[in-house]
Amino acid sequence: MGKVLPDISPELAEWIAAQKVFFVGSSPLSAEGHVNCSPKGGDCLRVLGPLEVVYQDYTGSGAETAAHLRENGRIVVMFCAFEGPPRIVRLHGRGRYIDARDPQFGEMAARFPPNPGTRGFVHVKVSRVGSSCGFSIPFFDYREPRETLDKWSGAKTPEELQTYRRLHNHSIDGLSAEYEE
């Protein structure tokens, strides 16, 4: 049976920090739009407070989360225990995309290791913390992080990354992700 928790407790924050992967879900307002679910990995999420998280968003092949947040702000971040006791945690809330033009960009960047592929940060004000059993989630063994994206972004100049984002980071629903810097 699922539980609604009052907030992200220190114990839960520690468990979240230990997860190697998490998933982000968002959706446009349009009934014809596409629901998006994106996997995230690496040392890219921080619990800022009992009802607040932020994650570092890297240059990638799409920009659905940013576009959906700019349109309506709805977001869910989900964690699954792939090792240890079974557990699923979902953080529902309102997200805001922080790109390089935003005054908070530097403050957020200071919380993470530098990464040449950083295109922004997703800041979430959490309105619901839900926990469920995860009894059906299989065990997976973690080996190591993939370095492909870091190598790809590190080989590009800031101008080349900006051009890539302008040409490739568009919502499949035609919403603006506004990556122009």
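Below is a short write-up of the structure. Just so it is clear, the model here is predicted, and its values are computed rather than measured. (Residues numbered from 1 in each chain as written. Predicted model: local features only at pLDDT ≥ 70, side-chain atom pairs only at ≥ 80, totals over all residues. Heavy atoms only, no water.)

### Re the pairing of strand S4 (residues 45–49)
Then, in step 1: Strand direction decides the pairing type here: S4 and strand S5 (residues 52–58), joined by 4 bridges, are antiparallel. Its bridge partner being in S5, Arg46 is matched across the sheet by Val54.
Then, in step 2: As consecutive antiparallel partners, S4 and S5 are separated by 2 residues. (Pairing = 2+ DSSP bridges. Helix = DSSP H or I, 4+ residues; strand = E, 2+ residues; numbered from the N terminus.)

### Let's talk about the layout of surface pockets
Then, in step 1: In this structure, the largest pocket occupies an estimated 1,600 Å³ of space.
Then, in step 2: Residue lining of the largest pocket: 47 residues in total, with Lys20, Val21, Lys40, Gly41 and Gly42 positioned closest to the centre.
Then, in step 3: When contributions to the lining of the largest pocket are tallied by element, the ones reaching two or more residues are helix H1 (10–18), strand S2 (21–26), strand S3 (36–41), S4, S5, helix H2 (64–71), strand S6 (74–80) and helix H4 (148–154).
Then, in step 4: If you tally residues by element for the lining of the largest pocket, the top one is S3, at 5 residues.
Then, in step 5: Looking at the lining of the largest pocket residue by residue, the class counts come to 20 nonpolar, 13 polar and 14 charged. (1 Å grid on protein atoms, 1.4 Å probe; cavity = no way out; pocket = protein on both sides within 12 Å on 5 of 7 lines; lining within 4 Å. Points joined across faces, edges and corners; volume = space filled by probe spheres on them. Nonpolar A, V, L, I, M, F, W, Y, C, P; charged D, E, K, R; others polar.)

### Quick word on the nonpolar core
Then, in step 1: Counting 28 residues, the largest nonpolar core has Ile8, Ile16, Phe22, Phe79 and Leu91 as its most contacted members.
Then, in step 2: Of all the secondary-structure elements, those providing two or more residues to this core are H1, S2, S5, H2, S6, strand S7 (88–98) and strand S8 (118–132).
Then, in step 3: Once residues lying within four places of it in the same chain are set aside, the contact partners of Phe79 are Trp15, Ile16, Gln19, Phe22, Leu45, Arg87, Ile88, Val89 and Leu91.
Then, in step 4: Of all hydrophobic cores here, the second largest spans 6 residues; its members include Val54, Met108, Phe112 and Phe121. (Core = buried A, V, L, I, M, F, W, Y, C linked by side-chain atoms within 4.5 Å. Buried < 20%, exposed > 50% of the residue type's maximum accessible area, 1.4 Å probe, protein only. Contact = heavy atoms within 4.5 Å.)

### Overview of the environment of Glu107
Then, in step 1: When you line up the elements, Glu107 lands in helix H3 (residues 105–109).
Then, in step 2: The exposure class of Glu107 is partly exposed, given its relative accessible area of 42%.
Then, in step 3: Between the C-alpha atom of Glu107 and that of Leu149, which follows or precedes it by 42 residues, the distance is 23 Å.

### Describing H2
Think of an α-helix as 3.6 residues a turn; residues three or four steps apart then line up on the same face.
Then, in step 1: Most of H2 is tucked away, with 6 of its 8 residues classed as buried.
Then, in step 2: The complete set of buried residues in H2 reads Glu64, Thr65, Ala66, Ala67, His68 and Leu69.
Then, in step 3: In the core, the buried residues of H2 are packed alongside S2, S3, S5, S6, S7 and S8.
Then, in step 4: The first or second residue beyond H2 is Gly73, which carries a positive phi of 80°.

### So, the packing of aromatic side chains
Then, in step 1: Taken as a whole and judged by the stated rule, the model has 7 aromatic pairs.
Then, in step 2: Ring centres of Phe82 and Phe140 lie 5.3 Å apart, and the angle between their planes is 80°; on these two criteria the pair is classed as edge-to-face. Note that Phe82 is positioned in the loop between S6 and S7 and Phe140 in the loop between S8 and H4, a separation of 58 residues in sequence.
Then, in step 3: Taking 4.9 Å as the distance between ring centres and 70° as the angle between the ring planes, the aromatic pair formed by Trp152 and Tyr164 counts as edge-to-face. (Phe/Tyr/Trp six-rings, centres within 6.5 Å; stacked < 30°, edge-to-face > 60°.)

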